[in-house]
Amino acid sequence: NLPTVLRFLQYKEDQISGCRDRVESIKPEHLHREFTKELQKVHPQWLRDAQQKANQGWTCKAWTDDTNDQHDGGEGNTINHLPKTKTT
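Trainee: I'd like to hear about the overall build of the chain, residue by residue, with values.
Mentor: When helices and strands are tallied, the chain shows three helices and zero strands. When the helices and strands of the chain are listed from N to C terminus, the series reads α-α-α. For the chain, the residues scored as buried account for 31% of the 88 residues in total. For the chain, the proportion of contacts with a sequence separation of at least 24, taken over those separated by at least 6, is 62%. Working note: accessible area of the chain is about 6200 Å², and carbon and sulfur atoms make up 49% of it.

Written as structure tokens, this is what we have:
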């Protein structure tokens, strides 16, 4: 599910609800960045693994890559907004 969440936050932010009208909430256009930043802190390997799958396309059959969808880059689109990790 995490790869789908990453893609959804990145490409379907116009479909995120429940936070636009709340002053204290993180707005949809910032959710992907904030989510990945925090996930990088606590589970960096989960993030790396999910990112690899997310870059291959939707893992949930409810979503498709539609090249006519301006919020979804279509096939081959990758998510490049994740923090870099140091390898040891």
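Trainee: A description of helix α3 (residues 44-54) should follow, citing residues and the corresponding values.
Mentor: When we look at burial in α3, the residues that qualify are Leu 47, Ala 50, Gln 51 and Ala 54. The arc that holds every buried residue of α3, seen down its axis, measures 105°, which confines them to one face. Structurally, α3 contributes buried residues whose contacts are with α1 (2-11) and α2 (28-42).

Trainee: Give a detailed account of the pattern of salt bridges, specifying residues and quantitative values.
Mentor: One pass over the full model with this rule turns up four salt bridges. A salt bridge links Glu 24 to Arg 22; the shortest N-O distance between them is 3.2 Å. Relative accessible area serves as the criterion here: at 42%, Arg 22 is assigned to the partly exposed category. Close ionic contact of Lys 37 with Glu 34 constitutes a salt bridge, the shortest N to O distance being 3.2 Å. Highlighted residues: Lys 37 and Glu 34, both in helix α2, separated by three residues, approximately one helical turn.

Trainee: Tell me about the packing of α1 against α2, and name the residues and values.
Mentor: The N-to-C vectors of α1 and α2 enclose an angle of 145°; their axes lie 8 Å apart at closest approach. The segment α1 lies against α2, with Leu 2, Val 5, Leu 6, Leu 9 and Gln 10 engaging Leu 31, His 32, Phe 35, Thr 36 and Leu 39.

Trainee: I'd like a rundown of the confidence of the model for the chain, residues and numbers included.
Mentor: Caution applies to low-pLDDT parts of the model: their predicted coordinates are not meant to be read in detail. Looking at the chain as a whole, the pLDDT averages 78, with 73% of positions reaching at least 70. Considering each helix and strand of the chain separately, the mean pLDDT is smallest for α1, with a value of 92, and largest for α3, with 95. Within the model, the stretch residues 67-88 combines pLDDT values under 50 with 42 contacts to residues more than four positions away or in other chains.

Trainee: Tell me what's going on with the packing of α1 against α3, and back it up with residues and numbers.
Mentor: Running from N to C, α1 and α3 point in directions that differ by 70°, and their axes come no closer than 8 Å. Classified by the angle their axes make, α1 and α3 are roughly perpendicular. In the crossing of α1 with α3, the sense of the turn from one axis to the other is right-handed. Contacts between α1 and α3 involve Leu 2, Pro 3, Leu 6 and Arg 7 on the former and, on the latter, Trp 46, Leu 47, Ala 50, Gln 51, Lys 53 and Ala 54.

Calculation rules
- Note on numbering: residues in each chain are counted from 1, in written sequence order.
- With pLDDT at 70 or above as the cut-off, local features in this predicted model cover only qualifying residues; side-chain atom pairs require 80 or more to be listed or tallied, and sums for whole chains, interfaces and linings still use all residues.
- For side-chain calculations, the full set of non-hydrogen atoms in the structure is used, while hydrogens and water are omitted.
- Only DSSP runs of H or I reaching four residues or more are called helices, and only runs of E reaching two or more are called strands; each is numbered from the N terminus.
- Only protein chains enter the accessibility calculation, which uses a 1.4 Å probe; a residue whose area is less than 20% of its type maximum is buried, one above 50% is exposed, and one in between is partly exposed.
- When checking whether two residues touch, look at their non-hydrogen atoms; a contact exists if any pair is within 4.5 Å.
- Using a 1.4 Å probe, accessible areas were evaluated by the Shrake-Rupley method; residue-level cover was limited to the displayed protein chains.
- Directions pointing from the helix axis toward each C-beta atom define the arc.
- The term salt bridge refers to a pairing of a side-chain nitrogen on Lys or Arg with a carboxyl oxygen on Asp or Glu at a separation within 4 Å.
- Axis definition: a line fitted to C-alpha atoms, over the contacting stretch in the case of helices. Angles run 0 to 180 degrees between N-to-C directions.
- Per-residue confidence from the predictor is reported as pLDDT, a score between 0 and 100.
- Between 65 and 115 degrees an angle is taken as roughly perpendicular, under 35 as roughly parallel, over 145 as roughly antiparallel, and anywhere else as oblique.
- Crossings are assigned a handedness: left-handed for a near helix turned anticlockwise from the far helix by less than a right angle, right-handed for a clockwise turn.

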